[in-house]
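Remarks on the overall topology
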Number of protein chains: 2
Amino acid sequence: MTQLFGTIAIVGIGHIGSSISRRVKRDGLAGRVVALEANAEHRQQALSLGVVDAATGDAAEAVRDADLVIVCTPIGTYPEIGTAIAPHLKSGAIVSDVGSVKMAAVRDLGPHIPAHAHFVPGHPVAGTEHSGPAAGLVDLFDGRWFVLTPTPGTDAAAVEKVAALWRAMGSNIETMDPAHHDQVLAIVSHLPHLIAYTIVGTATDLEKTLQQEVIKFSASGFRDFTRIAASDPTMWRDIFLNNREAVLEVLQRFTEDLTAMQRAIRWGEGDKLFELFSRTRAIRRSIIDAKQA
Amino acid sequence: MTQLFGTIAIVGIGHIGSSISRRVKRDGLAGRVVALEANAEHRQQALSLGVVDAATGDAAEAVRDADLVIVCTPIGTYPEIGTAIAPHLKSGAIVSDVGSVKMAAVRDLGPHIPAHAHFVPGHPVAGTEHSGPAAGLVDLFDGRWFVLTPTPGTDAAAVEKVAALWRAMGSNIETMDPAHHDQVLAIVSHLPHLIAYTIVGTATDLEKTLQQEVIKFSASGFRDFTRIAASDPTMWRDIFLNNREAVLEVLQRFTEDLTAMQRAIRWGEGDKLFELFSRTRAIRRSIIDAKQA
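First, a word on scope: everything that follows refers to the structure included in this document.

Conventions and cut-offs
- Residues numbered from 1 in each chain as written.
- Chains lettered and ligands numbered in written order.
- Predicted model: local features only at pLDDT ≥ 70, side-chain atom pairs only at ≥ 80, totals over all residues.
- Heavy atoms only, no water.
- Phe/Tyr/Trp six-rings, centres within 6.5 Å; stacked < 30°, edge-to-face > 60°.
- Helix = DSSP H or I, 4+ residues; strand = E, 2+ residues; numbered from the N terminus.
- Buried < 20%, exposed > 50% of the residue type's maximum accessible area, 1.4 Å probe, protein only.
- Lys NZ or Arg CZ within 6 Å of the ring centre and 35° of its normal.
- Axes fitted to C-alpha atoms, helices over the stretch in contact; angles between N-to-C directions.
- Parallel < 35°, antiparallel > 145°, perpendicular 65-115°, else oblique.
- Left-handed = near helix turned anticlockwise from the far one by under 90°.
- Contact = heavy atoms within 4.5 Å.
- Nonpolar A, V, L, I, M, F, W, Y, C, P; charged D, E, K, R; others polar.
- Pairing = 2+ DSSP bridges.
- Buried area = accessible area lost by both parts, 1.4 Å probe.
- Salt bridge = Lys/Arg side-chain N within 4 Å of Asp/Glu carboxyl O.
- Polar contact = N/O pair within 3.5 Å; in protein donor to acceptor, adjacent residues only side chain to side chain.

If you walk through the whole model with that rule in mind, you get 13 aromatic pairs over all chains. Judged by centre distance (3.9 Å) and plane angle (15 degrees), the rings of Phe-277 of chain A and Tyr-197 of chain B are stacked. One end of the pair, Phe-277 of chain A, is in helix 12 (residues 270–289); the other, Tyr-197 of chain B, is in helix 7 (residues 178–204), on a second chain. Relative accessible area serves as the criterion here: at 0%, Phe-277 of chain A is assigned to the buried category. Counting every residue linked through ring pairs, the aromatic cluster contains Tyr-197, Trp-236 and Phe-240 of chain A together with Phe-277 of chain B. The ring of Trp-145 of chain B has Lys-216 of chain A lying over it, and the distance from NZ or CZ to the ring centre is 4.6 Å.

Structure follows, in structure tokens:
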């Protein structure tokens, strides 16, 4: 593969950050990968796993030579990260991110980026429920979408350089308006996570013996929710706090639909249940056809 | 493996029925497997796949020589199936089932079984979202639970014969009161399915372009729900109609918890979100430890 960048700095070497660095290093997409990571244990892990060339807790040291900085920390850290890295960015540096709420990236990271650098927010629609540098996967982005949400006036060459990196990591590139991205993600990702967290929470509140049986017999349905609900708490707290309007809007629709289902069950309206259950099968087929299953 | 039964009749040769017959035939657990199946195409499929020795739409023909009859049709068919098979059961025959609501089995199938036969209701906590005889899997029950819900006065030898068959198919056996079973399943299976169906339904009601994007970007969270929501509509309609009280009770708890989450998001209560999201991780670990993940 062609080297696309001299030095890449990964801010936050967790599941996503270390998946990027693994792929970049395997395919030689950059000359050097440096991690900026506050957690000393994670720095040590990343180094001993060989997924980065250097790891530091010092922002200046991490980003000073970076041609590309990718912020991979929870969205709530963006103002602080922006403040820390901004003074040390070199001329022409590109700052990108992988956060799941793009309006928040534009609002909290964008204003910190100096005029001599470029800000190109983005979001890889990929990931597992695992966290930390050891959970990185070299093929995590293969065949998945990477959504670019550049703001008006962003340097086109910088956008293309970020796109080229993700294309080299196996992703398909899509460009979207940040607000529209957040609306789509509220439906496909944020609401499903909220629901999964809630139902698993409902189960943890059951009396002890019933709870043990729920764990024992989790095979049919519930276990899929527990997988989703094992995702990183900080990351998800920040997503909900920062995509509030879009999540509340789709949650309202969902609640109305659930109330209709509740009523159909209460009154024994089998036809209504059957009609919905048949309709949802078609969506699954579309997803299989779209090769996202 | 030892042959446990002379002839087994499988009523309804779909995903579960054909998984049983595949295993029984592979391991020689019965001398002969006969399918009672109303759908001529499914009869033909089951025969050409070689998963049964014979297939018929005639109840008398199917069950007259059967030492064990396993009802694998949707719960709504139980009164009709009971009426059809009862007059033809031989002396000492055992009738069992695999339905997901045991109170309904006891209520709708039990009373049809004549005094010279035995009724042993049960439920394998296993399955996929696929349907039909071609979707059967020979190892579907391996390492999964089979819950026996015998009623007071059931012949202990008959119960043990059913347990021995499921043990031979790889399952772990558990015995439960039918009402308690239905309460546990309402939480681990019925509510998760209802929620998955509902959220996928919410997505199908979106305007067309948004819906296409939901399909395109389904990778993070939503796609797991679509898999669950692709399950057989008739089977699931019958489950909700027949486990109404237990489902409504747990749905009420879930709705209260979801409303609390909604409020926490609206008011920006990050601590509450973080606390729940951390708690749910522990449940996932318990499920992994219980080897049901």
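After that view, the rundown keeps rolling.
On to the packing of helix 7 (residues 178–204) of chain A against helix 11 (residues 244–266) of chain B, then. One can describe the packing of helix 7 of chain A onto helix 11 of chain B by two numbers: an axis separation of 9 Å at closest approach and a directional angle of 130 degrees. The angle between helix 7 of chain A and helix 11 of chain B places the two elements in the oblique class. Crossing handedness for the pair helix 7 of chain A and helix 11 of chain B: right-handed. Along the contact surface, helix 7 of chain A presents Leu-194, Ile-195, Thr-198, Ile-199 and Thr-202 of chain A, while helix 11 of chain B presents Arg-253, Phe-254, Asp-257, Leu-258, Met-261 and Ile-265 of chain B. Among the residues making up the contact of helix 7 of chain A with helix 11 of chain B, the classes are represented as seven nonpolar, two polar and two charged.

So, about the sheet that holds strand 6 (residues 118–120) of chain B. Residues and elements named next belong to chain B. Strand order in this open sheet of six strands is 3-2-1-4-5-6, and the pairing throughout is parallel. Of all strands in the sheet, those bounded by a partner on one side alone are strand 3 (54–56) and strand 6. Between one strand axis and the next, the sheet turns through 20 degrees on average, direction left out of account. As paired elements, strand 1 (residues 5–11) and strand 4 (residues 68–71) share four bridges and run parallel to each other. The residue bridging Ala-9 from the neighbouring strand is Val-69, located in strand 4. Sitting on the sheet, helix 4 (residues 78–85) is in contact with strand 1, strand 2 (30–36), strand 4 and strand 5 (94–97), with an inclination near 160 degrees to strand 4.

So, on to the interface of chain A and chain B. In this assembly, 91 residues from chain A lie in contact with 91 residues from chain B. For the pair chain A and chain B, the two sides together bury roughly 8,800 Å², of which 70% comes from carbon and sulfur. Contact with chain B buries surface across chain A, with Phe-217, Ile-265 and Phe-277 of chain A losing the most and accounting together for 8% of the total. Counting across the interface, chain A meets chain B through six salt bridges. Between Lys-216 of chain A and Glu-174 of chain B there is a salt bridge whose closest N-O contact spans 2.6 Å. Where chain A touches chain B, the interface holds 28 residue pairs in polar contact (both at pLDDT 80 or more). Those elements that place two or more of their residues in the side of chain A that touches chain B are strand 8 (145–148), helix 7, helix 8 (208–216), helix 9 (222–228), helix 10 (233–242), helix 11 (244–266) and helix 12 of chain A.

What follows is about the pattern of salt bridges. Within this structure, the stated rule accounts for 34 salt bridges over all chains. For the salt bridge of Lys-272 of chain A with Glu-269 of chain A, the shortest nitrogen-to-oxygen distance reads 3.2 Å. Since its relative accessible area comes to 46%, Lys-272 of chain A is described here as partly exposed. A salt bridge links Glu-129 of chain B to Arg-227 of chain B; the nearest nitrogen and oxygen atoms lie 3.1 Å apart. In this pair, Glu-129 of chain B sits in the loop between strand 7 (122–125) and strand 8 (145–148) while Arg-227 of chain B sits in helix 9 (residues 222–228), placing the two residues 98 residues apart along the sequence. Each of Arg-23, Arg-26, Asp-27 and Asp-142 of chain A takes part in a single network of salt bridges with overlapping partners.

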